[in-house]
Amino acid sequence: MEAIKNNKEVLLSVRDLEVTFGSKRNPFKAVKGVNFDIYKGETFGLVGESGSGKTTIGRAIMRIHPTSAGTITYKGERINGKISPELDKKVISEIQMIFQDPMASLNERAKVDYIIAEGTYSTRKNLTRKQRTELVDESLLDVGLLPEFASRFPHEFSGGQRQRIGIARALIMEPEFIIADEPISALDVSIRAQVLNLMSKLQRERGLTYLFIAHDLSVMRFICDRIAVIHKGVIVELAECEKLFEHPLHPYTKALLSALPLADPDKEKGKELIVYKPNECHFDYETNPPTWREIEEKHFILANDREAKQYQDELR
Ligand SMILES: Nc1ncnc2c1ncn2[C@@H]1O[C@H](COP(=O)(O)OP(=O)(O)O)[C@@H](O)[C@H]1O
Ligand SMILES: [Mg+2]
């Protein structure tokens, strides 16, 4: 059991993960060779453009997508592939997901109390009606909503409120690990901070661990402890948050960072956007293929020997 690393408890470990879609004749690897650990209590960011495989990784951890290679380990037990019914039940309650579009992810014809309680019907079958109602009321209060909202329908709420309902639906399961898949991308800018603040409050109070998925780096600096950057199904760089922002090494990370607005408007106007051209950067991958390596302590990168030397020079 791989429990402790860098003096931190590893909650989730992903090794050589691959997820394949399409047919046998025409397979498409949406995710390949993915490696990372998530420590208990941290917020681990996963960033990459649309279609890069972020949701696929989340859904593979949730056991929604089958994996075609690699292992996913939760609290020291493999949870991908065939597992025991007991472990399945544990994963279902302890790992929860919240989604980008609260409207699309909530069942429009169900009332809020059913939407929030839904997961408990399979994991806690024996609850009385009264107990379940109490749990729903508690969950609503936990996310800053009123218990009387329980009898309403999702369309009666604002986007921010619907996202709170989505969070309540996860919380009622008493999860330890939450995969937040672009939880604020669809929300008005003015209410994004409220949802993020709620998430960090819940994390502090309950010691939650987050996998926070986003398509750009804009808010990640404020909430993530470490960040992994994914490009076309492959993780290219992984580092502590400050490190990644201060000393990005991979050209794709540099491109993502250059797209972030700068605080100084004069600098912003004159700034040059970095365009990532994989064929130019990695021209020798055919003869000198890249490997996933720790270039300095706690800083991982996909690089071949030539690039690794260049990155080491950059760090000096
Ligand atoms: N169920 C699926 N069947 C086939 N292809 C899929 C499926 N889900 C995702 N894909 C493909 O896998 C790739 C990664 O998708 P996704 O994980 O949703 O990306 P992201 O969340 O980073 O935007 C995309 O090319 C997408 O079209
Ligand atoms: Mg997605």
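Predicted, not measured: the structure shown is a model, and the values here were computed from it.

A few words now on the layout of surface pockets. Approximately 360 Å³ is the volume found for the largest pocket. Forming the walls of the largest pocket are 17 residues, and the residues nearest its centre are M62, I92, Q96, M97 and R169. Within the residue set of the lining of the largest pocket, elements represented by two or more residues are α2 (85-94), β7 (95-98) and α7 (159-171). The greatest single-element share of the lining of the largest pocket, amounting to four residues, is contributed by β7. Taken together, the residues of the lining of the largest pocket sort by class into 10 nonpolar, five polar and two charged. Of the voids in this model, the second largest pocket is the one considered here, and its volume is about 290 Å³. The set of elements that each furnish at least two residues to the lining of the second largest pocket consists of β3 (27-39) and α1 (54-61). If one sorts the elements of the lining of the second largest pocket by residue count, β3 sits on top with four residues. Here the residues of the lining of the second largest pocket are counted per class, giving three nonpolar, nine polar and seven charged.

Further remarks concern the side chain of Q203. Within the secondary structure, Q203 is located in helix α8 (residues 189-206). Among the polar contacts listed, one links the side chain of Q203 to the backbone oxygen of G41, at a separation of 3.3 Å. When residues no more than four places from it in sequence are discounted, the contact partners of Q203 are G41, E42, T43, L208, T209 and Y210.

Looking now at the pattern of salt bridges. For the structure on display, the rule yields 23 salt bridges. The salt bridge involving K75 is made with E94; its shortest N-O contact spans 2.8 Å. Of this pair, K75 sits in the loop between β5 (69-74) and β6 (77-78) while E94 sits in helix α2; the two residues are 19 residues apart in sequence, bridging distant segments of the chain. By relative accessible area, K75 is classed as partly exposed at 25%. Given a relative accessible area of 15%, E94 falls into the buried group. Here D313 makes a salt bridge to R316, at a shortest N to O gap of 3.0 Å. Judged by its relative accessible area of 47%, D313 falls in the partly exposed class.

With that settled, consider the side chain of E182. Here E182 is to be found in the loop between β8 (177-181) and α8. There is a polar contact of 2.6 Å between the side chain of E182 and the side chain of H215. Among all residues touching E182, those that are not within four sequence positions of it are K54, F99, Q100, I213, A214 and H215.

The assigned domain composition of the chain is domain 1 (4-232) and domain 2 (248-316). Its C-alpha centre places domain 1 at a distance of 29 Å from the equivalent point of domain 2. Together domain 1 and domain 2 conceal approximately 820 Å² of surface at their shared face, both sides included; 73% is due to carbon and sulfur atoms. Looking only at domain 1, the three residues that lose the most surface to domain 2 are L217, V229 and H231, adding up to 51% of its buried area. For the pair domain 1 and domain 2, the interface holds zero salt bridges. One can count one residue pair in polar contact (both at pLDDT 80 or more) joining domain 1 with domain 2. At three residues, the largest contribution of residues to the side of domain 1 that touches domain 2 is made by strand β10 (residues 226-231). Class assignment of the residues belonging to the side of domain 1 that touches domain 2 gives a composition of four nonpolar, five polar and one charged.

Next up on the list: the nonpolar core. Generally speaking, soluble globular proteins have nonpolar side chains that are buried together. In this structure, I116, I165, I167, L217, M220, I227 and V229 are the most contacted members of the largest nonpolar core, which totals 55 residues. Here this core gathers at least three residues from each of two domains, domain 1 (4-232) and domain 2 (248-316). If near-sequence neighbours (up to four positions away) are discounted, V229 is found in contact with V47, V234, I235, V236, E237, L244, Y252, T253 and L256. Counting 30 residues, the second-largest nonpolar core is a separate cluster that includes L17, F44, A60 and I83.

What counts and what doesn't
- Residues numbered from 1 in each chain as written.
- Chains lettered and ligands numbered in written order.
- Predicted model: local features only at pLDDT ≥ 70, side-chain atom pairs only at ≥ 80, totals over all residues.
- Heavy atoms only, no water.
- 1 Å grid on protein atoms, 1.4 Å probe; cavity = no way out; pocket = protein on both sides within 12 Å on 5 of 7 lines; lining within 4 Å.
- Points joined across faces, edges and corners; volume = space filled by probe spheres on them.
- Helix = DSSP H or I, 4+ residues; strand = E, 2+ residues; numbered from the N terminus.
- Nonpolar A, V, L, I, M, F, W, Y, C, P; charged D, E, K, R; others polar.
- Polar contact = N/O pair within 3.5 Å; in protein donor to acceptor, adjacent residues only side chain to side chain.
- Contact = heavy atoms within 4.5 Å.
- Salt bridge = Lys/Arg side-chain N within 4 Å of Asp/Glu carboxyl O.
- Buried < 20%, exposed > 50% of the residue type's maximum accessible area, 1.4 Å probe, protein only.
- Domains from an automatic or database assignment.
- Buried area = accessible area lost by both parts, 1.4 Å probe.
- Core = buried A, V, L, I, M, F, W, Y, C linked by side-chain atoms within 4.5 Å.

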